[in-house]
Amino acid sequence: MIRHVTNWFRRRKLESGLDRELRYHLDRRISDLEKSGVPAAVARRQALMEFGGVAQVQEKIRDVWLSRWLRDLTYDFRFSARSFLKTPSFTITAVLSLVLGIGATTAIYSLVDQVLLHALPVREPERLVLIDWKGDQVASAHGSWNLMSYPICRDLDKKKDFFDGVFCRALTDVNLSTGSDSRPEMVEIVSGNYFEVLGVAPALGQVIEQDDDRVPNSNPVAVLSYDFWQTQFGGALDVVGRKVLVNRHPLTVIGVAASTFKGVDVGEVPSLWIPASMSSQAIPGFNDLLLDRRNRWMQVFGRLNRGMTLEKAQAGLQPWFKAMLQEDTHLASFPVITPERRQAFLSSSLVLAAAPQGHAPLRRQLLQPLWMLFAVTAVLLGLACLNVSGLFLARGSARDREIATRLALGASPWRIGRQFLADSLLIALFGGLLGIAAAPIVVRTLVAFVPRASAPTALHAGIDLRLLGFAFVVSVAAGLLSGLAPAWQAGRRSVAQSLRERGGTAFSGVRLRKIIVTAQIALTLTLVVGAALFLRSLDALMAKGPGFTTSGLISFGVDSLLSGYSPAEGNRLMRRIDEAIRESSVTQSSAIVRWPFLTGGSWSDPMTILADKRLTTDRDVNLNTVTPEFFQTMGVHIIEGRNFDERDVHEPGVEGWRSAIVNEAFVKRYLRGRSPLGMLVCEGAGPDDNPDVVVVGVMSNFSYRGLREESEQVFFPFFEGDGASGTFYVKVHGKPESFVPSLRAIVHGVDPTLAMTDFRTVSEQVDRSLNTEHLLATLSGSFGTLALVLSLVGLYGVMSFVVTQRTREIGIRLALGATRWSAIRLVLRDASAMIFLGIGIGLLLVSVLGRLVQAQLYDVKSFDPTAIVITVLILCSAGVGAALIPAHRASGVSPTEALRVE
Amino acid sequence: MLILQIVSLEPAHGYGIAQRLEQISKAIVQVNQGSLYPALHRLEQKGWLKAEWKESETGREAKFYALTASGRKQLVTEKDSWARLAGAVQLIFSEGDQ
């Protein structure tokens, strides 16, 4: 096979060699014969006769060089290319259709590949597993998704029967300073064996090792990410040994990680890695993280032993795990819990999941939307193929004569069909080439939609081999798909039939083309209905809004603990900043909340309520602390009771909150509308949790984590908690963006070294929280439009062809006294049959596929009548419009002209 | 097999091989001389023969075919299997005679 291909490239040389070789043979034979006394003329004839047809021999030898089919294929391709150059408009239409299809599919696949499929650039990623705790850990959580405690990770690392090693990691924001200024950066806190188990080597210096993670607080070292080293240190080779300040603690840079390695989370790329032994410096305020078994804050990964399977490891670990659970309950530090909760704790199990791609909340979030979009682009590609099919069929009927002649000359139908396949393959490969060129532009636009701040750095728009391979496969598939119908059509024809058709009667490709158009309309309907559903969901979410004011609001975060303050000092600092901002002439009002809104996360816990009897909430309640100005600044109403005020201030020496404000949803779910004022609540649902916080008010509902949720919320006064870090929401007159410098100046007036994070307008945050919805609505909308255009072109093409073909019939009808209107009706009847059948099939598809997208919709049923009616109307009118042009032409047929055509 | 055998003695060009074939088989094996060439090219493709342009006995450049190492191996196995076949046929004939 390979030899065949190389032969193809050196065929010119082979040909001339063969020529010389055969000429030599003949010349020798002739001269030998002449020597034996045969006259020259006779000698030549005899030599040729003995040899037996030179041309046949040459052909046979060419077959040896290049197997027959390959040779024919090259001829086919050459012939196709020539005929395409002769009909540029046809070629451009066909190629453009496929560029759209292939480009869109490739672009979405690029994201699918990077976010969902790509394995980590580490040694043997297929042996990595994520270890998770299924059940109640009776532990407080710091972070989200698959969290476990650090001591459990160390225990698991000792299970060498199953694992080569087990490591853990946690991401956190720190205040990082490499020189004069400081800014927030993402840091990955890792156990000492992280790099070793992953198999990631340093690009410079060394990576974190076991010894860096033995004694708490004793190894102030850091490893830089390659990108961070390049951007912040200009790739300086003497970076090893320099100091960086993490939350004002000096850490020594010991190395730079390999350039391809960007942590184990696709969406969140850390700037540096520090050993878990330094976690109390990286996460101030949490001290027992390394010893406390009841504090879960890290994701735990293991590398299975060679030959160990996931199932075997999971089953094998359970006995040890169950014993550990029992042991834990006997520890003095184990909290007092209800018997039910104890039962839930003891029935927990360890779950292993394959994690060759690492850990990625981004993947969880984008999994469904991306596959959905991928399916949509696949349908679009299908439509494009059908379109090209239609175009080829039309061209096929134009090439009637050529084909009939070739058939008559003895070409097999298979040979003719193959010519069509070569045509479409060539077009598809060309389309694929252009599609690949267009894909990076599309990907760059797509990445902007990905709902995570750091994602643009993690996702790239480049083209790699996988992508090229994918595009190639897709192009070939598209080529085969779009060539199938014409090839089949051509292969079916017999010589007699095609000769008979020379008279000018119907070419039976029309039926096939009608079927194609019907399928196109059905597919288009599904895509357009889908787009309408996503648009309506987005609309509904936008109309609903977050439930608080968004205009004129800007927010930013301040964490005094990251700048070296103690909690008490930090509390005083926040008060000073709060006052400075409120007293400033540029601001209208200002509030601090502990945890920002619309980020997808929240502080949550179950609660205990003391009404006439004691009850506990059946799910987590979203909690927060806010300053009294919150309600006015954000436009959240207090419906009942009062705001926080000086009555809520602690007496000196007393800890904890005295008062709380709950929201309407909380009242509705747990008190069935009874007034909660004066009731006692507390965080936690254990038997020893003592409700001692008085409910003083009820506030209106608004979105905490995201726009879609309706959750129960309970808020406490900000400064009565730790109150040392939080997010400021400032209301200003005019454009919020323009106030960033003055707000920065105010905060720096209080402490010039304080780092501020995430300056963002609240309307931008609302938009950002709807990124996935925007992505789906925009893309499915544009894909739907493309699909509509493609199928209208198909419909128009088929109808004009039908009209051309029936010109004679229409002419006769008109001559016999039919009105022009009846001619139009004749054509429209044909078109509407296709349109309605297509719509019918499309509706069936919608009802089947609708359930798959339900999770992405908001306030809309997947079989939404409005969306469907609108789509059907659009399709009908556009379809009839496309058919009207040929219909009008039909009505203009003059009977004499039509009959003269014969 | 015949071609391989001829070439194994010494490198030869197409015309020479054709002559030798005729001589050796004493015109029992009559083939079109032309059909020799596809066979030669096939053997070359399979890597059993290698070809080289050299000056021939008449002074003109001609394409000389020579046996490669794998060609030599192939010749041995083909001779073996031919010997086995011939032996078997012989055996059947002699069985029939008894």
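Structural notes on the overall build of chain B
- When you go through chain B residue by residue, the secondary structure sums to four helices and three strands.
- Overall, chain B shows an N-to-C arrangement of helices and strands of α-β-α-α-β-β-α.
- Counting across all 98 residues of chain B, residues that qualify as buried make up 24%.
- Here the analysis covers contacts within chain B between residues at least 6 apart in sequence; of these, 44% occur between residues at least 24 apart.

Remarks on the overall build of chain A
- Within chain A one finds 29 helices and 25 strands.
- The principal-axis extent of the C-alpha atoms belonging to chain A is close to 130 × 85 × 55 Å.
- Within chain A, buried positions represent 43% of all 902 residues.
- Restricting to contacts in chain A with at least 6 residues of sequence separation, those with at least 24 account for 83%.

Description of the environment of Glu710(A)
- With respect to the element layout, Glu710(A) can be found in the loop between strand S22 (693–699) and strand S23 (713–717).
- When the C-alpha atoms of Glu710(A) and Ser894(A) are compared, they prove to be 68 Å apart, with 184 residues separating the residues in sequence.

Brief notes about the interface of chain B and chain A
- Of the residues lining the interface, 14 residues belong to chain B; the matching set on chain A comes to 17 residues.
- Those elements that place two or more of their residues in the side of chain B that touches chain A are helix H2 (14–24), helix H3 (36–46) and strand S3 (61–67) of chain B.
- Per-element tally for the side of chain B that touches chain A: the top contributor is H3(B), with five residues.
- Here the side of chain B that touches chain A is built from residues that sort into four nonpolar, seven polar and three charged.

Considering the sheet that holds strand S1 (residues 12–13) of chain B
All names here are of chain B.
- Pairing is antiparallel across the open sheet formed by three strands, whose spatial order is S1-S3-S2. In this open sheet, the two edge strands, each paired with only one partner strand, are S1 and strand S2 (49–55).
- Pairing geometry for S2 and S3, over seven bridges, is antiparallel. When the bridges of S3 are listed, Lys54 appears paired with Ala62.
- Against the sheet, helix H1 (residues 2–9) contacts S1, S2 and S3, and its axis sits at roughly 105° relative to S3.

Focus on the domain arrangement of chain A
- If you check the domain split of chain A, you get domain 1 (2–66), domain 2 (68–118 + 364–507), domain 3 (125–356), domain 4 (524–540 + 764–902) and domain 5 (553–733).
- Look at where the C-alpha atoms of domain 2 of chain A and domain 3 of chain A centre, and you get two points 48 Å apart.

A few points about the packing of H1(B) against H2(B)
Residue and element names in this part refer to chain B.
- At their nearest, the axes of H1 and H2 sit 10 Å apart, and the two run at 110° to each other. It follows that H1 is roughly perpendicular to H2 by the angle criterion. Residues Leu2, Ile3, Ile6 and Val7 of H1 touch H2, and the partners they reach there are Ile17, Arg20 and Leu21.
- Taken together, the residues of the contact of H1 with H2 sort by class into six nonpolar, no polar and one charged.

Some remarks on the pairing of strand S21 (residues 680–683) of chain A
Residues and elements named next belong to chain A.
- Judged from the four bridges that link them, strand S16 (residues 607–610) and S21 form a sheet pairing that is antiparallel. Among the inter-strand pairings, Thr608 is bridged to a residue of S21, identified as Cys682.
- Bridging between S21 and S22 involves two bridges; their strand directions are antiparallel. Bridge assignment links Val681 to a residue of S22, and that residue is Val693.

Regarding the confidence of the model for chain B
- Across chain B, the average pLDDT comes to 79, with 90% of residues at 70 or higher.
- Reported confidence for the predicted complex is 0.76 by ipTM and 0.73 by pTM.

Some points on helix H27 (residues 820–853) of chain A
Residue and element names in this part refer to chain A.
- Given a rise of 1.5 Å per residue, 34 residues ought to cover 50 Å, and the 47 Å separating the end C-alpha atoms of H27 matches this to within 8%.
- At Ser847, H27 shows its largest bend, some 35°.
- Among the residues of H27, those classed as buried are Ala823, Val827, Asp830, Ala831, Met834, Ile835, Gly838, Ile839, Gly842, Val846 and Val853.

Observations concerning the environment of Gly817(A)
Residues and elements named next belong to chain A.
- Secondary-structure assignment places Gly817 in the loop between helix H26 (807–815) and H27.
- Assessed through the 7 C-beta atoms surrounding it within 10 Å, Gly817 is described here as exposed.
- Between the C-alpha atoms of Gly817 and Thr106, which are 711 residues apart in sequence, the distance is 55 Å.

Points about the nonpolar core
All names here are of chain A.
- Residues Leu98, Leu380, Ala660 and Ala787 are the most contacted members of the largest nonpolar core, which totals 160 residues.
- In terms of residue count, helix H13 (residues 361–398) provides more of this core than any other element does, 18 residues in total.
- Beyond its immediate chain neighbours, meaning those up to four positions away, Ala787 contacts Leu380, Leu383, Leu523, Thr524, Leu527 and Val528.

Thoughts on unusual backbone geometry
Residue and element names in this part refer to chain A.
- Located in the positive-phi region is Leu598, a residue other than glycine, with phi close to 60°.
- Relative to the helices and strands, Leu598 resides in the loop between strand S14 (587–593) and strand S15 (603–605).
- The phi angle at Arg672 is positive, at roughly 45°, despite the residue not being glycine.
- Within the secondary structure layout, Arg672 lies in the loop between helix H22 (664–671) and S21.
- Since 7 C-beta atoms lie within 10 Å of it, Arg672 is described here as exposed.

As for helix H15 (residues 413–447) of chain A
- In this model H15(A) runs 48 Å from its N-terminal to its C-terminal C-alpha over 35 residues, within 8% of the 51 Å that 1.5 Å per residue would give.
- Where H15(A) bends most, the angle comes to about 35°, and this point is Ala438(A), followed within four residues by the proline Pro440(A).

Focus: the confidence of the model for chain A
- In this model, chain A carries a mean pLDDT of 85, and residues with pLDDT of at least 70 account for 94%.
- Segment residues 502–506 of chain A is flagged for pLDDT under 50; beyond a separation of four residues in sequence, or across chains, it makes one contact in the model.

Comments concerning the environment of Asp213(A)
Residue and element names in this part refer to chain A.
- With respect to the element layout, Asp213 can be found in the loop between strand S5 (202–205) and strand S6 (221–224).
- Asp213 sits 20 residues away from Asn193 along the chain, and the two C-alpha atoms are 8.4 Å apart.
- Sequence-distant contacts of Asp213, that is, excluding residues within four places in its chain, are made with Ser191, Gly192, Asn219, Pro275, Ala276 and Ser277.

Rules used in this analysis
Along each chain, residues carry numbers from 1 onward, in the same order as the chain's sequence is written. Chain labels run from A onward and ligand labels from 1 onward, assigned in the order the entries are written. Only residues with pLDDT of at least 70 get local features here, since the model is predicted, and only at 80 or more are side-chain atom pairs given and counted; chain-wide, interface and lining totals rely on the full set of residues. Counting from the N terminus, the helices are the DSSP runs of H or I reaching at least four residues and the strands are the DSSP runs of E reaching at least two. Note on burial: count the other C-beta atoms lying within 10 Å of the residue's C-beta; 20 or more is buried, 12 or fewer is exposed, in between is partly exposed, and C-beta positions come from the backbone. This entry defines residue contacts through backbone-placed C-beta atoms, with two residues in contact when those atoms are within 7 Å. Residue polarity follows a fixed list, in which Ala, Val, Leu, Ile, Met, Phe, Trp, Tyr, Cys and Pro are nonpolar, Asp, Glu, Lys and Arg are charged, and the others, Gly among them, are polar. Here the rule is simple: two strands pair whenever DSSP picks up at least two bridges between them. Orientation is described by axes fitted as lines to C-alpha atoms, over the contacting stretch for helices, and by angles from 0 to 180 degrees between their N-to-C directions. Domain delimitation in this document rests on an assignment produced automatically or drawn from a domain database. Here the word oblique covers every angle except those under 35 degrees (roughly parallel), over 145 (roughly antiparallel) and from 65 to 115 (roughly perpendicular). pLDDT measures how confident the predictor is about each residue, on a scale from 0 to 100. An expected span of 1.5 Å times one less than the residue number is assigned to each helix. Working definition for bend: take the seven residues up to and ending at a residue and the seven starting at it, fit an axis to each, and measure the angle between the axes. Nonpolar cores are identified as sets of buried Ala, Val, Leu, Ile, Met, Phe, Trp, Tyr and Cys residues joined via C-beta atoms within 7 Å.

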